[in-house]
Amino acid sequence: MPSLYIHVPFCIRKCDYCAFYSHSLVNSPKDLISVYLEGLEVEMVKRQKDAPQGVSSLFIGGGTPTALKDSDLECLMDLIQRHFRLDPEAEQTMEGNPGTITTSKLNILRRYGINRFSLGVQTFDDKLLSAVGRMHTAQEARDAIGRLRATGFNNLNLDLMFGLPSQDMGTWQATVEEALSYSPEHLSLYGLMLEEGTPLHSRYKVGAIDETDETDEVDKEQKLESRCGPAENVGCETLPDDDLQAEMHDWAVKRLKQAGYTNYETSNFALPDYECRHNLGYWRGEDYLGLGPGGVSCLNRVRWKNIEEVRTYQSRLDNGQDPMDESGQEALSLQECMAERMILGLRLEEGVNLTLFRNDFGVDLRDIYRDVLERYKNKDVLIFQGDYLRLNPKYSFVANSILQEFVGLV
Ligand code: SF4
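Residues numbered from 1 in each chain as written. Predicted model: local features only at pLDDT ≥ 70, side-chain atom pairs only at ≥ 80, totals over all residues.

- If you check an unreviewed UniProt entry, the protein chain appears there as Heme chaperone HemW from Desulfosporosinus fructosivorans.
- The record held by UniProt for the protein chain lists under Subcellular location (unreviewed entry) the comment "Cytoplasm".
- The Function (unreviewed entry) field of the UniProt record for the protein chain holds the comment "Probably acts as a heme chaperone, transferring heme to an unknown acceptor. Binds one molecule of heme per monomer, possibly covalently. Binds 1 [4Fe-4S] cluster. The cluster is coordinated with 3 cysteines and an exchangeable S-adenosyl-L-methionine." (UniProt positions renumbered as here; feature names shortened; annotations may be inferred.)

**Regarding the overall build of the protein chain**
Consideration 1: Helix and strand counts for the protein chain come out as 16 helices and 17 strands.
Consideration 2: Compactness check: the protein chain gives a C-alpha radius of gyration of 22 Å against a globular reference of 22 Å for 410 residues, within 12% of the reference.
Consideration 3: Structurally, the protein chain occupies a C-alpha span of about 65 × 60 × 45 Å along its principal axes.
Consideration 4: Looking at the protein chain as a whole, 40% of its 410 residues qualify as buried. (Helix = DSSP H or I, 4+ residues; strand = E, 2+ residues; numbered from the N terminus. Rg over C-alpha atoms; globule rule 2.2 N^0.38 Å. Buried ≥ 20, exposed ≤ 12 C-beta atoms within 10 Å, placed from the backbone.)

**Focus on the pairing of strand β12 (residues 296-299)**
Consideration 1: By the bridge criterion, four bridges tie β12 to strand β13 (residues 302-305) in an arrangement that is antiparallel. Across the sheet, the residue bridging to Val 296 is Lys 305, located in β13.
Consideration 2: Linkage of β12 to β13, two consecutive antiparallel strands, is achieved through a turn of two residues, within which Asn 300 is found at a positive phi near 45°. (Pairing = 2+ DSSP bridges.)

**Remarks on the sheet that holds strand β17 (residues 388-391)**
Consideration 1: If you trace the three strands from one edge of the open sheet to the other, you get β15-β17-β16, paired in antiparallel fashion. Only two strands of the sheet have a single neighbouring strand rather than two, namely β15 (352-353) and β16 (382-385).

**Comments concerning the site of the ligand**
Consideration 1: Around the ligand, the structure places Cys 11, Lys 14, Cys 15, Cys 18, Phe 20, Ser 22, Gly 62, Gly 63, Thr 64, Asn 97 and Gly 120.
Consideration 2: Considering only residue class, the shell around the ligand consists of four nonpolar, six polar and one charged. (Near = placed C-beta within 6 Å. Nonpolar A, V, L, I, M, F, W, Y, C, P; charged D, E, K, R; others polar.)

**Concerning unusual backbone geometry**
Consideration 1: Following Gly 62, the chain continues into Gly 63 via a peptide bond in cis, with omega recorded as 15°.
Consideration 2: Turning to its location among the elements, Gly 63 is positioned in the loop between β4 (58-62) and α2 (70-83).
Consideration 3: A positive phi is found at Asn 300, a non-glycine position, where the angle reads about 45°.
Consideration 4: Summarising the element assignment, Asn 300 is placed in the loop between β12 and β13.
Consideration 5: For Arg 301, which is not glycine, the phi dihedral falls at a positive 65°.
Consideration 6: Structurally, Arg 301 can be placed in the loop between β12 and β13.
Consideration 7: Overall, Arg 301 belongs to the partly exposed group, with 15 C-beta atoms counted inside 10 Å.

**A word on the nonpolar core**
Across soluble globular proteins, nonpolar side chains show a tendency to be buried alongside one another.
Consideration 1: Formed by 71 residues in total, the largest nonpolar core has its most connected members in Leu 119, Val 132, Leu 148, Leu 160 and Leu 187.
Consideration 2: Excluding its chain neighbours within four sequence positions, the residues that come into contact with Leu 187 are Asn 157, Leu 158, Leu 160, Ala 179, Leu 256, Tyr 261 and Phe 269.
Consideration 3: Ala 339, Met 342, Val 352 and Tyr 369 belong to the second-largest nonpolar core, a separate cluster that totals 13 residues. (Core = buried A, V, L, I, M, F, W, Y, C linked by C-beta atoms within 7 Å. Contact = placed C-beta atoms within 7 Å.)

**Notes on helix α9 (residues 242-258)**
Think of an α-helix as turning once every 3.6 residues; residues three or four places apart then point the same way.
Consideration 1: Here α9 is 17 residues long and its end C-alpha atoms lie 24 Å apart, about the 24 Å a rise of 1.5 Å per residue gives.
Consideration 2: Of all the positions in α9, only Met 248, His 249, Ala 252 and Leu 256 are classed as buried. The buried residues of α9 all sit within an arc of 95° when viewed along its axis, so they share a single face. Facing away from the buried surface of α9 by more than 90 degrees, the exposed residues are Asp 243, Asp 250, Lys 254, Lys 257 and Gln 258.
Consideration 3: The elements touched by buried residues of α9 are β7 (156-162), α6 (169-181), β8 (186-191), β9 (262-265) and β10 (268-270). (Expected span 1.5 Å × (residues − 1). Arc of directions from axis to C-beta.)

**Here we look at the environment of Arg 147**
Consideration 1: Mapping Arg 147 onto the fold places it in helix α5 (residues 138-150).
Consideration 2: The class for Arg 147 is partly exposed, based on 18 C-beta atoms found within 10 Å.
Consideration 3: Taking C-alpha positions, Arg 147 is 9.9 Å from Ser 104, a pair spaced 43 residues apart along the chain.
Consideration 4: Apart from the residues within four sequence positions on either side, Arg 147 is in contact with Ile 101, Thr 103 and Leu 106.

**Brief notes about the packing of α6 against α9**
Consideration 1: Running from N to C, α6 and α9 cross one another at 30°; their axes reach a closest spacing of 11 Å. Classed by the angle they form, the pair α6 and α9 counts as roughly parallel. Note on packing geometry: the crossing formed by α6 with α9 is right-handed. Listed contacts from α9 to Met 169, Trp 172, Gln 173 and Val 176 of α6 are Glu 247, Met 248, Trp 251, Ala 252 and Arg 255.
Consideration 2: Of the residues assigned to the contact of α6 with α9, the class counts are six nonpolar, one polar and two charged. (Axes fitted to C-alpha atoms, helices over the stretch in contact; angles between N-to-C directions. Parallel < 35°, antiparallel > 145°, perpendicular 65-115°, else oblique. Left-handed = near helix turned anticlockwise from the far one by under 90°.)

This is the structure in C-alpha cells:
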C-alpha cells in the first residue's frame, strides 16, 4: 500500500532562502487556487487505481497548505476523502506556517482526520526571522502552537533552522530551549542551505566577495544596497561558518537526547512512538504517490515527477494527458534501488534491515557491498547489529561521503 503526498504549491510570499516550488499568493492571479484544485481532482480520479487497498499515510505539504482559505481547505480535504481510502488510525499530517493558522482552519483539519501537524517555526528570534524573509513573527509561532494544542493536536512537529545570518550559539540555544518548553512530540532541525537563484544567495555572494574586495567603503555599501536593500538588512555578511554550524548541530543533538528524544534520522528527533511514519516509509524504500504540481511518485520501481506550473498541470489533465514533466517515467534499475535503500536507510538510527533488503532485491547486501563494508566495518564506521546495518553516529558528520560510496558500486 503506497503512502500519499499532496503538494500545495502556495505561500503567502516567498522566504529569501527558498528554492522549493511554490507561488507567492501576493503576486498570483486570484483564480490560481481553483485551477489547482480542478487539476488535483482530475489527477486523483486518474491515480486512485494505484492505491486499490487505500493509502498507508497522508502528508499534505508545500508550500504552505494553511495559506488556503477555509473553503479551499475544506474542498482539498473533501477531495482526498472522496478519492482515497485511509484508515482513521493512519498518520495524517499537514504542514503549515505561523501567521496562517486560525482556529477555524484547525477545526476543519480535525474534522477531516488530520492527526499530526508540522509547523515551520525556524527560530523564535524576530531579527533572524526577518533576516531570512520569513513572513511571520515569533509571537505568531507561539500563538499557532497554542491554537494547535487547544484544538486537540497531540502530535506536533516543530521545524527549526540553524546557520541563519548572524545567528550565534546563544540565540540558537534559546530557540531550542523555547521549542522544548512546548513539549513537541517531534522536532526537525535543518541547517540553512544557500540555494542558487534565491535572494539570500545573491546577498551572501556580495558579502563574501566583499571580505577581500579592495574597493572603497562607499562603493561596497552601494553594491550591497543594490542587491540586499537597505544596509541595515545586510545580515548576510555574517553567516555562521561550518564549524559553528557543526557545534550548533552537536549541541542540539545532545540537548534533545537529554530531553528524551531519539535522533531517529539524521535531522529528525522524536519522543518514543512519535517518529514520522510517512517519512519513515520514504527512508525505508516503500512506494509513494505524490499528487499536485511538482509531486513525485514511485511505484514498483518506476518514478515520475509532475510538471510544476499550475496552469499547465491543470490543462494537461483537463485534456486527458498525463501531468508528468519532460523527464517522463524513469524505470529504476535494481542497482539504483539498492543504492538508494543504502543511502536513505543509513541515515536512520535503526539502519538498513538485512532481511527486507534480501526479500526486496533477492541478494544479500553483505555480498553486494562486500568491499566497502569491510573497509568501513574495520574502522568501526559501519556496524552490524541484529538484523540491521547501521552507521556509527560518531561519523554522521561525514555520512554523505561514506554513503556516496554505495552509488555505482554494483
Ligand atoms: S514557507 Fe516554506 S515553502 Fe513557503 S517560501 Fe518559505 S520556505 Fe518556501
